[in-house]
Amino acid sequence: MTRRDWRHSLAAVGLAAAVAATGLAQAPTGTPSANAQPAGPTAPPDAGPPMPPPNYAYVAEGRRDPFVSLVGRGTAEGARRPGGGPRVEGVAGLLINDVAVRGILRSGGSFLAMVTGPDGRTYTIRRGDRMADGLVRDVTADAVVFMQEVSDPLSLAKQREVRKYLRGGGEGVK
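Just so we're clear, the structure is a prediction, and the values are computed from it rather than from any experiment.

## Here we look at the pattern of salt bridges
- A complete count under the given rule lists three salt bridges for this structure.
- Note that glutamate 161 and arginine 163 form a salt bridge whose closest N and O atoms lie 3.4 Å from each other.
- Given a relative accessible area of 12%, glutamate 161 falls into the buried group.
- According to the relative accessible area criterion, arginine 163 is partly exposed, its value standing at 26%.
- Within this structure, Arg137, Glu161 and Arg163 form a network of salt bridges that share partners.

Have a look at this one:
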């Protein structure tokens, strides 16, 4: 026997074993098999109709639901907002991570920055402006420096400095 014949015979034996294990083997037509069982449902006759899967409901009673992910809880905006309240209009409602610096202007000896929010609108910010999760610490000729409030209870630092550059730089976090 050649190697190819061995492979074919092993494949045939494996297929026959799989068919026999699943009970799909049928006797030749006209002669019933000694091991053949009558066709019909495999469940015992007294079992009745199959039961639907149970519906589970978690009753919180003031506790956190253990089946809800701690990352990204709630609505997309409500989960990221400090306090989770409704969004405030204007610069005070913007999150630092959601703004992009589009331009920097010089006006009256100080710098102003034009930023774009997640809604696509452009806002003008200056040093000291309050935002949803921090404040504008400084506006320089090439970047805006934010002091972002950290809401992570495991973090030792409660604030971090975030720099958003006008060109070429990306973000910098200290």
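## Some remarks on the packing of aromatic side chains
- Taken as a whole and judged by the stated rule, the model has zero aromatic pairs.
- Across the ring face of phenylalanine 111, the terminal group of arginine 106 is positioned such that the distance to the ring centre comes to 5.0 Å.

## Quick word on the sheet that holds strand β3 (residues 122-126)
- Strand order in the open sheet formed by three strands is β1-β2-β3, with antiparallel pairing between adjacent strands. Edge positions in the open sheet fall to β1 (100-107) and β3, since each of these has one partner strand only. Each strand of the sheet is rotated relative to its neighbour by a mean of 25 degrees, with strand direction disregarded.

## With respect to the side chain of aspartate 133
- One can find aspartate 133 in the loop between β4 (130-131) and β5 (134-139).
- Within the buried core, aspartate 133 has no salt-bridge partner, and the shortest N-O distance to an opposite charge, that of arginine 160, equals 6.9 Å.

## Side note on the nonpolar core
- Membership of the largest hydrophobic core comes to 16 residues, with the highest contact counts inside it found for Ile125, Met131, Val136, Val144 and Phe146.
- Elements that contribute at least two residues to this core include exactly β1, β2 (110-116), β3, β5 and β6 (143-149).
- Leave out the neighbours within four places in its chain, and valine 144 touches Val101, Ala113, Ile125, Val136, Asp138, Val139, Val162, Arg163 and Lys164.

Procedures and definitions
Residues numbered from 1 in each chain as written. Predicted model: local features only at pLDDT ≥ 70, side-chain atom pairs only at ≥ 80, totals over all residues. Heavy atoms only, no water. Salt bridge = Lys/Arg side-chain N within 4 Å of Asp/Glu carboxyl O. Buried < 20%, exposed > 50% of the residue type's maximum accessible area, 1.4 Å probe, protein only. Phe/Tyr/Trp six-rings, centres within 6.5 Å; stacked < 30°, edge-to-face > 60°. Lys NZ or Arg CZ within 6 Å of the ring centre and 35° of its normal. Pairing = 2+ DSSP bridges. Helix = DSSP H or I, 4+ residues; strand = E, 2+ residues; numbered from the N terminus. Axes fitted to C-alpha atoms, helices over the stretch in contact; angles between N-to-C directions. Lys, Arg positive; Asp, Glu negative; His and termini not counted. Core = buried A, V, L, I, M, F, W, Y, C linked by side-chain atoms within 4.5 Å. Contact = heavy atoms within 4.5 Å.

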